[in-house]
Amino acid sequence: MAYVTVREAEETYSVAGWADGYYRITGAGTLAVMPQGADGPEVDLHEVIESLREQGVATPITLRFPQVLQHRVDRLNRAFEKALKDNKCKGIDYRGVFPIKVNQRQEVVKTLAQAGRKWKYGLEVGSKAELLAAISMDPNRKSLLVVNGYKDKAFLEAACHATHFKDEVIIVLDEVGELDILAPLLQQAERKPILGISLKLRSKAPGKWALSGGERSKFGLTIPEVLYAVERLREDGLLDRLQQIHFHIGSQISDIRRITQGVREAARIYVEMRKMGVPLKYVDVGGGMAVDYDGSGSTGSNSANYSMEEYASSIVAQLKDVCDEAGVPMPHLINESGRAVVSHHALLVVDVVRRVPYLEIEPDPDGAHDDDPTSLWNLFDTYRTIGPKNVFESFHDAIQYREDLQSLFDLGHLNLEALGRAEAVFRAILGKVRDTLKDEDETESEEFEQANALGSQKLVCNFSLFQSLPDVWGVKQQFPILPLHRLREKPEEATTLADITCDSDGEIRRFIDPEGSRASLQTHKIRKGEPYYLAMALVGAYQDSLGDYHNLFGETNEAWIEVGATGKWSVTRLTPGSKIADMLKWVRYNPADMKDSLKDRIKRLKDTGKISAGTARELVDEFVGLIDRSTYLEPATA
Ligand SMILES: *Cc1c(COP(=O)(O)O)cnc(C)c1O
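The structure reproduced in this document is the subject of the present report. All figures in this text were calculated on a predicted structure; none of them were measured in a lab.

Cut-off values and rules
As a convention, each chain's residues are numbered from 1 in the sequence order in which they are written. The predicted nature of this model means local features are confined to residues of pLDDT at least 70 and side-chain atom pairs, given and counted, to a pLDDT of 80 or more, with totals for whole chains, interfaces and linings taken over all residues. Note: side-chain values were computed over all heavy atoms of the structure, leaving out hydrogens and water. Buried residues of nine kinds, namely Ala, Val, Leu, Ile, Met, Phe, Trp, Tyr and Cys, make up a nonpolar core once their side-chain atoms join them within 4.5 Å. Per-residue accessibility, obtained with a 1.4 Å probe over protein chains only, is compared with the maximum for each type, and a residue is labelled buried under 20%, exposed over 50%, and partly exposed between these values. A run of H or I in DSSP counts as a helix once it spans at least four residues, and a run of E counts as a strand once it spans at least two, with each numbered from the N terminus. For this analysis, residues touch if any pair of their heavy atoms sits within 4.5 Å. Throughout, near means a residue has at least one heavy atom within 4 Å of the molecule or strand. Residues adjacent in sequence count toward polar contacts only when both atoms are side-chain atoms; beyond that, a polar contact is any pair of N or O atoms within 3.5 Å, and within protein one must be able to donate a hydrogen and the other to accept it. Note on areas: Shrake-Rupley with a 1.4 Å probe; residue coverage comes only from the protein chains shown. Polar here means any residue other than Ala, Val, Leu, Ile, Met, Phe, Trp, Tyr, Cys and Pro, which are nonpolar, and Asp, Glu, Lys and Arg, which are charged; Gly is therefore polar. Stacked, tilted and edge-to-face are the three classes applied to pairs of Phe, Tyr and Trp rings, where Trp contributes its six-membered ring and a pair requires centres within 6.5 Å; stacked means planes under 30 degrees apart, edge-to-face means over 60, and tilted covers the rest. A side-chain nitrogen of Lys or Arg and a carboxyl oxygen of Asp or Glu constitute a salt bridge if their distance falls within 4 Å. Each pair of strands is called paired provided DSSP finds at least two bridges between the two strands.

1. Points about the nonpolar core
Among the nonpolar cores identified, the biggest contains 149 residues, and Tyr-23, Leu-45, Leu-63, Leu-242, Leu-347, Leu-497 and Ile-508 are the most heavily contacted of them. It is helix H10 (residues 256-275) that contributes the most residues to this core, 9 residues altogether. Ignoring sequence-local partners within four residues, the contact set of Ile-508 consists of Phe-463, Leu-465, Leu-469, Val-472, Ile-481, Thr-496, Leu-497 and Met-536. Formed by 22 residues, the second largest nonpolar core is a distinct cluster that contains Leu-414, Ala-418, Leu-437 and Ala-451.

2. Regarding the site of the ligand
Residues in contact with the ligand amount to 15 residues; listed here are only the nearest, Lys-101, Ser-251, Glu-336, Gly-338 and Tyr-542. Measuring from an oxygen atom of the ligand, one finds a backbone N or O atom of Gly-288 at 2.9 Å. In the model, an oxygen atom of the ligand is placed 2.6 Å from a nitrogen or oxygen of the Tyr-542 side chain. Its free accessible area being 390 Å², the ligand has 91% of it covered by the protein chains. For the shell around the ligand, the residue count by class is 3 nonpolar, 8 polar and 4 charged.

3. Things to note about the packing of aromatic side chains
A full pass over the atoms with the stated rule returns 10 aromatic pairs. Both rings, one in Phe-466 and one in Trp-473, keep their centres 5.3 Å apart while their planes meet at 70 degrees; by these two values the pair is edge-to-face. You can call Phe-466 buried: its relative accessible area is 1%. What links up through ring pairs into an aromatic cluster is the set Phe-80, Tyr-94, Tyr-306 and Tyr-311.

4. A short note on the pattern of salt bridges
Per the stated rule, a full pass over the model turns up 45 salt bridges. Residue Glu-555 is joined to Arg-105 by a salt bridge in which the shortest nitrogen-to-oxygen separation is 3.1 Å. A residue pair is termed long-range when its members are at least 10 positions apart, and Glu-555 in the loop between helix H19 (543-546) and strand S22 (557-563) and Arg-105 in the loop between strand S5 (94-99) and helix H5 (106-115) qualify at 450 residues. Residue classification places Arg-105 among the buried residues on the basis of a relative accessible area of 19%.

5. Re unusual backbone geometry
The peptide bond linking Thr-59 to Pro-60 adopts the cis configuration, its omega dihedral lying at 0 degrees. Counting through the fold element by element, Pro-60 comes out in the loop between helix H3 (45-54) and strand S4 (61-64). One non-glycine residue, Ser-14, lies in positive phi territory at about 50 degrees. With respect to the helices and strands, Ser-14 occurs in the loop between helix H1 (6-12) and helix H2 (15-19). At Asp-441, a residue that is not glycine, the phi angle is positive and equals roughly 60 degrees. With relative accessibility at 66%, the residue Asp-441 sits in the exposed group.

6. Points about the sheet that holds strand S1 (residues 23-25)
Hydrogen bonds along the backbone pair up the strands of a sheet, which may run parallel or antiparallel. Across the sheet, which stays open at both edges, the 3 strands sit in the order S1-S2-S3 with antiparallel pairing between neighbours. Looking at which strands have only one partner, the edges of the open sheet turn out to be S1 and strand S3 (43-44).

This is a description of form; function is not addressed.
Printed below as a string of structure tokens:
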């Protein structure tokens, strides 16, 4: 077996690029997390999974690291604090809010609110349900509550009354029509919220989330609408409430220049509105800070060409520049980073349940048979003669012979046994093509990509893409994926990953690569009787609430891992995944009734003599017991 250094392993999976200081590969070839950042203690994640398995907690498991959340909140707030200081913005505050749609889990929101207490870090909501969640999870009066999205009367009333719990509540107008309901509410209100205006900027970000920004964006007021709203509030005697402007040009904005462009446009609107006498106090620069999922540090859609610190300093510098130029005082700054705050805290571990193809067949050592067609003779010939000098040509020939043989089979001129032998030689040729192109340093060639894709195995993994990585399916996003262990062994298999749903879209076929993306993941040979685990990292943003219940696969088991001062780790929270009963209830079955009716039917089978009493007992145990089990595959060793 060939071995690699830790550094080589980290390069293969671009770890240093995407880990942002929270993950690394250990000398033992396992993946480790450093929940308190690169200087803090590390936890061997393979050890965690083995230990959970011994306690009967099976994969798929979502591991969450609350200390990573705390660290991100601190880092974000420090980055803006420093940027304000570096730019000599005396007396100007940074007021971060977490947009809870990015991860509404009670424990996550609570952890963020607690970590953010010393920073007056608040929450942003976009619905009535989120408003209630935010009020109950963040009791700090001093942090902001920002209310966005389309609102009805009940939502606006509740948002106004939230001022009883909070010093400052900001209601952001997403459409002018909201003023019809809001103006009378504000005139009567005892404690008044701040009003904000969401701007429809011309600036937009390219990529998968492009339509969140620019003229055609879903939200926000155009300039004439902004001017109308200002006049209307002036007439209603409410202009003093208009203290914030807001924009959000998209998520995962990988190019820092797009962000500063948006900030400049909003800052110009800010200074002009100030000159018109609008008492603006806050500029809210929205979310959009990107996460470097592929670790390439580029403007590619799965990457980011800036750090959190660069993000903060670019925004502050741009805002300061525009304000100084106009001689208008700087506003306080609100920011709604979501993805960048929570992505790193969660990691999914799945076990491989099967390898496809199951068998690796050696080509027939005797070559073609006398009565085989010429194409099959040619295929064997190609296999024997392929080498560095003719590899491209031979590969193209082999593809043609294989096509010819398939046609012969379709027409009834080739039998199944011969077709099987043809496929076996063809697969062996693919192996030779890949090895030769690798030796010749031709891995950039189209042929290499094609041979890899044709020859790759599938590993079937115990998870549902639709539940756990919905953005791979929905927006073709890429997440870092790598083996959890055996990372010092050279990974020699080219693999795609299939999930256990029966949907043909439930497969991961693109993987991160520093040079762009690749069609296969490098994995190790599966050993019989030994589990093989893959880690899917940076899944803490959006995946939890966008995930669905395709095939009725439910939530995975979940473990919260924390590390103490001595560097010892512990499981501080264990949440079992969905049971089959939970999923049935979700689609409006009644599991209790189902159990009763199953028992009745089994009893009738027994009473009418169709089955024995013993079989009846077994059937009851089996079917009734199944309802309370996990929706995922269970370990074969049980
Ligand atoms: C979704 C959303 C965010 C979060 O965006 P990220 O790209 O996750 O930082 C911020 N603000 C608003 C208004 C949003 O809708």
